[in-house]
Amino acid sequence: MIKVTIDGIVTEVPEGTTILQAARQIGGEIVPPAMCYYSTLKNSGGKCRACLVKVAAGSAKDPRPMPKLVPSCITMAQDGMVVENITNPSVLETRKGVVEFLLLNHPLDCPICDQAGECDLQNFAYEHGMSKTRYEEERRTFEPIDIGDKIKLHMNRCILCYRCTYVADQLTDNRVHGVLNRGDHAEISTYIEKAIDNDYSGNMIDVCPVGALTDKTFRFKSRVWFTKPLDAHRDCPKCSGKVVLWTKGEDVLRVTARKDQYGEVKEFICNECRYDHKDMKHWVVEGPRHIDRGSVIAQNHYEKIDLLKLKQDVERQLKFQAGKQLDANNTLSA
Ligand code: SF4
Ligand code: FES
């Protein structure tokens, strides 16, 4: 085991653990955001730079700082390493730049995007971005295309995280799509729009962090925050059969895999579970899906509110507001 310090918190992890994984072991606010890394997809990470951190001391043997910020999802932790994430202003400043960069060619069409409300880029921009753009050039545009009969690709929204290509590579028998061209011309393509037709192709929708790959069987049926998610399972010979049903009344509008607290699927599901069983009768319902109260999906949610936590949140917010007002009037020095 090795010891690593992240934002002043010491943790022990096995050798070969990345800084991001070590931070996730600690949990909470110090965990860097990730837009391309995906815990259940091999070789993912290193594309988006959302997870950059400062290494203030490389290791116990060589405590020199690393000269540049490093992507925490692909940088291995070393014994005695000291990492700064939210405690380093230059990391937070750089993250603003990363958001701006990811949004350069983005159409900013959240009001009409099916991913709105559960989009990692929307959350990332909200938490780390600026409210304006300095970009004046024309944005690159692509026509939406069908990838098979169930998936729609809006290349304008793609951030080239490569997650979908890893799904195609690692979960399906034949990869028939990938990233073609480079730079401004790079795009996800199916090599002449070849339909993706295999049992696990639907997982590309779940791993896409933005609204580039959406489920045609759910598109425009409802805003996601008007649906009620339920954990459910069925006996499936192909996959674990453990899913989330996104329901409205008795209707099952969408079926997805279950995601962890970082929005990453642990157990991928087959296309049969995803597309062919949109009937409550086919499922054993386990209960409401737990949704973080900070998420917009939690609006209109029906889980019992944790009153104690709500009270604590309100008190924390009031204290924060009071502190801000006093600072503004110069009646309280920090
Ligand atoms: S389509 Fe989605 S999952 Fe695929 S590279 Fe683009 S953003 Fe990533
Ligand atoms: S999550 Fe680390 S580079 Fe994208």
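Residues numbered from 1 in each chain as written. Chains lettered and ligands numbered in written order. Predicted model: local features only at pLDDT ≥ 70, side-chain atom pairs only at ≥ 80, totals over all residues.

Note the threshold: UniProt positions are given in the numbering used here, feature names are shortened, and annotations may be inferred rather than shown by experiment.
The chain appears in an unreviewed UniProt entry as (2Fe-2S)-binding protein from Chryseosolibacter histidini. According to its UniProt record, the chain has this under Sequence similarities (unreviewed entry): "Belongs to the complex I 75 kDa subunit family." Within the UniProt record for the chain, the comment given under Subcellular location (unreviewed entry) is "Membrane".

1. Focus: the UniProt feature "domain: 4Fe-4S His(Cys)3-ligated-type" (unreviewed entry) in the chain
As a reminder of what qualifies: Going along the chain from the N terminus, every DSSP run of H or I of four or more residues is numbered as a helix, and every run of E of two or more is numbered as a strand.
Per the UniProt record, "domain: 4Fe-4S His(Cys)3-ligated-type" (unreviewed entry) is found at residues 90-129. Secondary structure over residues 90-129 splits into 55% helix and 0% strand, and the C-alpha atoms at its two ends are 14 Å apart.

2. Regarding the site of ligand 1
Rules: Using a C-beta atom placed from the backbone, a residue is scored as near a molecule or strand whenever that atom is within 6 Å of it. Basically, the charged four are Asp, Glu, Lys and Arg, the nonpolar ten are Ala, Val, Leu, Ile, Met, Phe, Trp, Tyr, Cys and Pro, and anything else, Gly included, counts as polar.
Residues in contact with ligand 1 amount to 14 residues; listed here are only the nearest, Cys158, Cys161, Cys164, Cys208 and Ala212. Among the residues making up the shell around ligand 1, the classes are represented as 13 nonpolar, no polar and 1 charged.

3. Let's talk about the nonpolar core
The condition is simple: A set of buried Ala, Val, Leu, Ile, Met, Phe, Trp, Tyr and Cys residues, joined to one another through C-beta atoms within 7 Å, is what we call a nonpolar core. Whether a residue is buried, exposed or partly exposed follows from its count of other C-beta atoms within 10 Å of its own C-beta, namely 20 or more, 12 or fewer, or something in between, respectively; the C-beta atoms are built from the backbone. Note on contacts: residues are paired as contacts if their backbone-placed C-beta atoms lie within 7 Å.
Met35 and Met204 are the most contacted members of the largest nonpolar core, which has 69 residues in total. Top element by residues in this core is helix H4 (residues 163-171). It accounts for 5 residues. Beyond its immediate stretch of four places on either side in the chain, Met204 contacts Ile151, Cys164, Val167, Ala168 and Leu213.

4. Some points on the packing of helix H2 (residues 89-102) against helix H3 (residues 120-128)
Describing two packed helices takes the angle between their axes plus the distance from one axis to the other. To be explicit about the condition: Where helices are involved, their axes are fitted lines through C-alpha atoms of the stretch in contact, as for all axes, and angles between N-to-C directions lie from 0 to 180°. Reported orientations rely on four angle classes, namely roughly parallel under 35 degrees, roughly antiparallel over 145, roughly perpendicular from 65 to 115, and oblique for the rest. It is the rotation of the near helix from the far one that decides the hand of a crossing: anticlockwise by less than a right angle makes it left-handed, clockwise makes it right-handed.
For the pair H2 and H3, interaxial distance at closest approach is 9 Å and the crossing angle is 140°. Compared by their axis directions, H2 and H3 come out oblique. Our pair here, H2 against H3, has a crossing hand that is left-handed. The segment H2 lies against H3, with Arg95, Lys96, Val99 and Leu102 engaging Leu121, Phe124, Ala125 and His128. Looking at the contact of H2 with H3, its residues break down into 5 nonpolar, 1 polar and 2 charged.

5. Quick word on the sheet that holds strand E14 (residues 284-288)
We count it as follows: If DSSP finds at least two bridges between two strands, the strands pair.
Taken in spatial order, the 4 strands line up as E13-E12-E11-E14 in an open sheet, and their pairing is antiparallel. Either end of the sheet is taken by a strand with one partner, and the two such strands are strand E13 (251-257) and E14. Taken over all neighbouring pairs, the strand axes of this sheet differ in orientation by 35° on average, direction set aside. Relative to E13, strand E12 (residues 242-248) is paired through 6 bridges, and the arrangement is antiparallel. Paired with Thr247 across the strands is Val252, a residue of E13.

6. Describing the environment of Met81
Residue position: Met81 is located in strand E5 (residues 81-84). Overall, Met81 belongs to the buried group, with 24 C-beta atoms counted inside 10 Å. Sequence separation between Met81 and Ala57 is 24 residues, and the spatial gap between their C-alpha atoms is 5.3 Å.

7. Some details on helix H1 (residues 19-26)
Of the positions making up H1, those classed as buried are Ile19, Leu20, Ala22, Ala23 and Arg24. Where the residues of H1 are buried, they touch strand E1 (2-6), strand E2 (9-13), strand E3 (52-57) and E5. Directly after H1, the chain includes Gly27, whose backbone phi takes a positive value near 80°.

8. Side note on the pairing of E12
The element E12 is extensively covered by neighbouring structure, given that 5 of its 7 residues are classed as buried. Direction of pairing for strand E11 (residues 228-233) relative to E12: antiparallel, over a ladder of 6 bridges. Directly across from Pro229, in E12, lies its bridge partner Trp246. Linking E12 back to E13 in an antiparallel pair, the connection comprises 2 residues, with Gly249 at a positive phi of about 60°.

9. Things to note about the pairing of E3
Taken together, the 2 bridges between E3 and strand E4 (residues 70-71) define a ladder with antiparallel strand orientation. Its bridge partner being in E4, Leu52 is matched across the sheet by Pro71.

10. Focus on the environment of Met280
Here Met280 lies in the loop between helix H6 (271-275) and E14. Among the residues examined, Met280 registers 15 C-beta atoms within 10 Å and is labelled partly exposed. It is 8.9 Å that separates the C-alpha atoms of Met280 and Thr247, two residues lying 33 residues apart in sequence. Not counting chain neighbours up to four residues away, the residues in contact with Met280 comprise Glu250 and Val252.

11. As for the sheet that holds strand E10 (residues 213-215)
Here we have 3 strands laid out as an open sheet, ordered E6-E7-E10, and antiparallel in their pairing. Each edge of the sheet is formed by a strand with only one pairing partner; in this case those strands are strand E6 (145-147) and E10. Within the sheet, the average angular offset between the axes of one strand and its neighbour, ignoring direction, is 35°. Judged from the 3 bridges that link them, E6 and strand E7 (residues 151-153) form a sheet pairing that is antiparallel. From the neighbouring strand, Ile145 faces E7, where its bridge partner is Leu153.

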